[in-house]
2 protein chains.
Amino acid sequence: MKIKIIEVGARDGLQNEMQALSVKDRYDFIKKLCDSGLKIIEAGAFVSPKWVPQMDNSNKVLTKLFKDQTSGKINSKIQFPMLVPNMKGFQRAMDSQTKEIAIFGACSESFSQKNINCSINQSFGHFKAVINAAKKNNVKVRAYLSVAFGCPYEGKVSEQRVIKLTEKLIQLGAYEVSIGDTIGVATPKQVRSLVNKLGLKIPLKKVAMHFHDTRGTALANVLASLDLGIHTFDSSLGGLGGCPYAKGASGNLATEDLVYMLEGMGHKTGVDISKLIKINKWIENKVGHQLPSHVGKTESSLYK
Amino acid sequence: MKIKIIEVGARDGLQNEMQALSVKDRYDFIKKLCDSGLKIIEAGAFVSPKWVPQMDNSNKVLTKLFKDQTSGKINSKIQFPMLVPNMKGFQRAMDSQTKEIAIFGACSESFSQKNINCSINQSFGHFKAVINAAKKNNVKVRAYLSVAFGCPYEGKVSEQRVIKLTEKLIQLGAYEVSIGDTIGVATPKQVRSLVNKLGLKIPLKKVAMHFHDTRGTALANVLASLDLGIHTFDSSLGGLGGCPYAKGASGNLATEDLVYMLEGMGHKTGVDISKLIKINKWIENKVGHQLPSHVGKTESSLYK
């Protein structure tokens, strides 16, 4: 089975690092990710540098990547989605010839307020405006739904709400919705239940899963989703990132751990794991601390 | 579903720590594990202190535990299996009134030679002698089979060999065989294949799985086994231990991670996870470094 991986390390990962990396370092990081075989790589965000200084000058990173695609230095088929919170961000995305954007909402009111400073309803108002503008400009839209398996403020999150919000995003025009376990509390039983119910309402090829390894369950949750027909997963090189608004939520699922399990099971990711391990060492050096990835700590995958 | 957990932190875990803990610290550790609700706790090993100084004076630890069981300070139903490599170790186990022992073999010749200094055939000669003596003394015998999913020296390990060795151990008289992914290379497809084939030859209630989280796949492998009828898992508080003979093989599956996933799926472990998290902090302080457990780094399980 061919599996689609969305690499979020250079955006979701780096934006949660204390220290902001330079435009050159971010470009170098993404270039290495391209060379590893990854095909969809989040390259930055058009958000206020006052709120997210780590993503400042994302337009410069993107411009250089596009230039490299034109010159053939980077595979022209690689997609670089850019995070966009509202129409102002969308305008900046258009100024940089962005071809794909990602919007982000939450499944709980408290998390929505703390993370994007508005109610769920208000956020969908912004999404509608952005998606409509994107359609007019032939820009693809991906959507994130965070805290889908549990909220640090409200606890349990209703499955019905997650399903309803996912449906709404698809109806508005998102080509894919990424369902996020932002604080890493999900277990496979919960994942199976949600995916089964989602599958009754939405074609599962339009659904991606975004797991955090906070409690060690990320790959078990990937397995649970995979068994039920999900073939798209978000992950972050080295497990970079997490969420600063969610206590204890360190650790996106590491791309190298995901690739190790998938390839070990005979699935095709198109990614060279030995290159990921090298990038892990390189980016650890840039961010200045060890990353939570498991495979990144091994010297190699030992054997196939 | 009721799940049986075998806690191996105080033996498999501590014997791989650089620094040996005192008899008092090892006793205190095991006492805390008893108070968390764990029912089967490896308490030490009757091996040469020249080879494994960390397990020296295991008889003293065990004697104090038995005394506490007699006085009612520790639940008298808790089992304390002791590792025994040969007849000499068995004699020492008998001197301490041990009621249950564990023997250990390997699935590859190279690993057997490096780890226990004899061929697989020779090791089975020792097992036969020990198991026969155990039967005469009404002592229960558990068996370990290491490198069942891959060997650091030989690479792939034949499923047929693993199945044959497991059958042989059951025939000799072991009441349970623990199948170990000593270097943490297994992926769920491999686990499913082996468990399915084992199930055709051996009642799966006699099989335990022992996963390492070296590449982040431990809980995914637990899930794969659980789905196919395995209800017995080895784990180690905090993820203590690994195997000094296998490069990069840090990280037994942490008991708190295992309990989090199982309880989150509605299975019954009888273990209080908040107590495990407290023990994690305590033992980290004793061994002097951070442990690889995921849940141990969270403040609590956030919510049920």
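Residues numbered from 1 in each chain as written. Chains lettered and ligands numbered in written order. Predicted model: local features only at pLDDT ≥ 70, side-chain atom pairs only at ≥ 80, totals over all residues. Heavy atoms only, no water.

*Asks:* If you had to explain the interface of chain B and chain A to someone new, which residues and values would you point to?
*Replies:* Tallying the contact residues gives 36 residues for chain B and 36 residues for chain A. Where chain B abuts chain A, roughly 3,000 Å² becomes buried across the two surfaces, and 63% of that area is made up of carbon and sulfur atoms. Taken together, chain B and chain A are joined by nine residue pairs in polar contact (both at pLDDT 80 or more). It is helix α9 (residues 218-227) of chain B that provides the largest number of residues to the side of chain B that touches chain A, a total of five residues. Taken together, the residues of the side of chain B that touches chain A break down into 15 nonpolar, eleven polar and ten charged. (Contact = heavy atoms within 4.5 Å. Buried area = accessible area lost by both parts, 1.4 Å probe. Polar contact = N/O pair within 3.5 Å; in protein donor to acceptor, adjacent residues only side chain to side chain. Helix = DSSP H or I, 4+ residues; strand = E, 2+ residues; numbered from the N terminus. Nonpolar A, V, L, I, M, F, W, Y, C, P; charged D, E, K, R; others polar.)

*Asks:* Please provide a residue-by-residue account of the packing of helix α8 (residues 188-201) of chain A against helix α9 (residues 218-227) of chain A, values included.
*Replies:* Residue and element names in this part refer to chain A. Two numbers describe how α8 lies on α9: the axes approach to 9 Å, and their chain directions differ by 30°. In terms of orientation, α8 lies roughly parallel with respect to α9. Every pair of crossing elements has a handedness; the one defined by α8 and α9 is right-handed. Side by side, α8 and α9 meet where Pro188, Val191 and Arg192 of the first sit next to Ala220, Asn221, Ala224, Ser225 and Asp227 of the second. Residue classes in the contact of α8 with α9 are distributed as four nonpolar, two polar and two charged. (Axes fitted to C-alpha atoms, helices over the stretch in contact; angles between N-to-C directions. Parallel < 35°, antiparallel > 145°, perpendicular 65-115°, else oblique. Left-handed = near helix turned anticlockwise from the far one by under 90°.)

*Asks:* Run through the pairing of strand β5 (residues 100-106) of chain B, naming residues and quoting values.
*Replies:* Residues and elements named next belong to chain B. Most of β5 is tucked away, with seven of its seven residues classed as buried. Here β5 shows a buried face lined by Glu100, Ala102, Phe104 and Ala106 and a second buried face lined by Ile101, Ile103 and Gly105. In this structure, strand β4 (residues 82-83) lies alongside β5, joined through two bridges in parallel fashion. Among the inter-strand pairings, Met82 is bridged to a residue of β5, identified as Ile101. In this fold, β4 hands off to helix α4 (residues 87-95), which returns the chain to β5; that crossover is right-handed. As judged from the seven bridges shared by β5 and strand β6 (residues 140-146), these two strands associate in the parallel manner. When the bridges of β6 are listed, Ile101 appears paired with Val141. (Buried < 20%, exposed > 50% of the residue type's maximum accessible area, 1.4 Å probe, protein only. Pairing = 2+ DSSP bridges. Right-handed = clockwise from strand over helix to strand, strands pointing away.)

*Asks:* Any chance you could break down the pattern of salt bridges for me, citing the residues and the numbers?
*Replies:* Note that side chains of opposite charge can pair when their charged atoms are close. Residues and elements named next belong to chain A. This structure, assessed with the given rule, holds 18 salt bridges over all chains. The shortest N-O distance in the salt bridge between Glu176 and Arg142 comes to 2.8 Å. Taken together, the residues Glu176 in strand β7 (residues 176-181) and Arg142 in strand β6 (residues 140-146) connect sequence positions 34 residues apart. The two residues Glu176 and Arg142 agree in class, both being buried. (Salt bridge = Lys/Arg side-chain N within 4 Å of Asp/Glu carboxyl O.)

*Asks:* Now, about the environment of Met1 of chain A: what can you tell me, with residues and values included?
*Replies:* Assignment of secondary structure puts Met1 of chain A in the segment before β1 (4-7). Not counting the four nearest positions on each side in its chain, Met1 of chain A is found in contact with His231, Gly266, His267 and Lys268 of chain A.

*Asks:* So what's going on with the side chain of Glu17 of chain B? Residues and values would help.
*Replies:* All names here are of chain B. Relative to the helices and strands, Glu17 resides in the loop between α1 (9-13) and α2 (23-35). Lys297 is the oppositely charged side chain nearest to the buried, salt-bridge-free Glu17, at an N-O distance of 12 Å. Not counting chain neighbours up to four residues away, the residues in contact with Glu17 comprise Gln54, Leu240, Gly241, Val287 and His289. (Lys, Arg positive; Asp, Glu negative; His and termini not counted.)

*Asks:* Please give an account of the sheet that holds strand β4 (residues 82-83) of chain A that cites residues and values.
*Replies:* Sheet strands associate in pairs through backbone hydrogen bonding, adopting either a parallel or an antiparallel arrangement. All names here are of chain A. Here we have nine strands laid out as an open sheet, ordered β2-β1-β9-β8-β7-β6-β5-β4-β3, and parallel in their pairing. Pairing within the sheet leaves two strands with one partner each, and these edge strands are β2 (40-41) and β3 (44-45). Note that β7 and strand β8 (residues 207-211) share five bridges and pair parallel. When the sheet's bridge partners are listed, Val177 is paired in β8 with Val207. Those strands touched by α8 are β7 and β8, and its axis lies near 165° from that of β8.

*Asks:* Pulling in residues and values, what's your account of the relation of the copies chain B and chain A?
*Replies:* Between the two copies, chain B and chain A, the superposition gives an RMSD of 0.0 Å; the rotation angle is 180° and the shift along the axis is 0.0 Å. Taken together, the rotation and translation relating the two chain copies correspond to the operation of a two-fold axis. When each C-alpha of chain B is compared by its distance to the rotation axis, Ala220 of chain B comes out closest, at 1.9 Å. The overlap is high: 100% of the interface residues of chain B also sit at the interface in chain A, so the same surface is used on both sides. (Least-squares fit on C-alpha atoms with pLDDT ≥ 70 in both.)

*Asks:* Break down the state of the cysteines for me, with residues and values.
*Replies:* Structurally, a disulfide amounts to a covalent bond that connects the sulfur atoms of two cysteines. Residue and element names in this part refer to chain B. Using the criterion set out here, one finds zero disulfides over all chains in the structure. Cys151 forms no disulfide, and the closest cysteine sulfur to it belongs to Cys107, at a distance of 9.6 Å. With relative accessibility at 1%, the residue Cys151 sits in the buried group. (Disulfide = S-S within 2.5 Å.)

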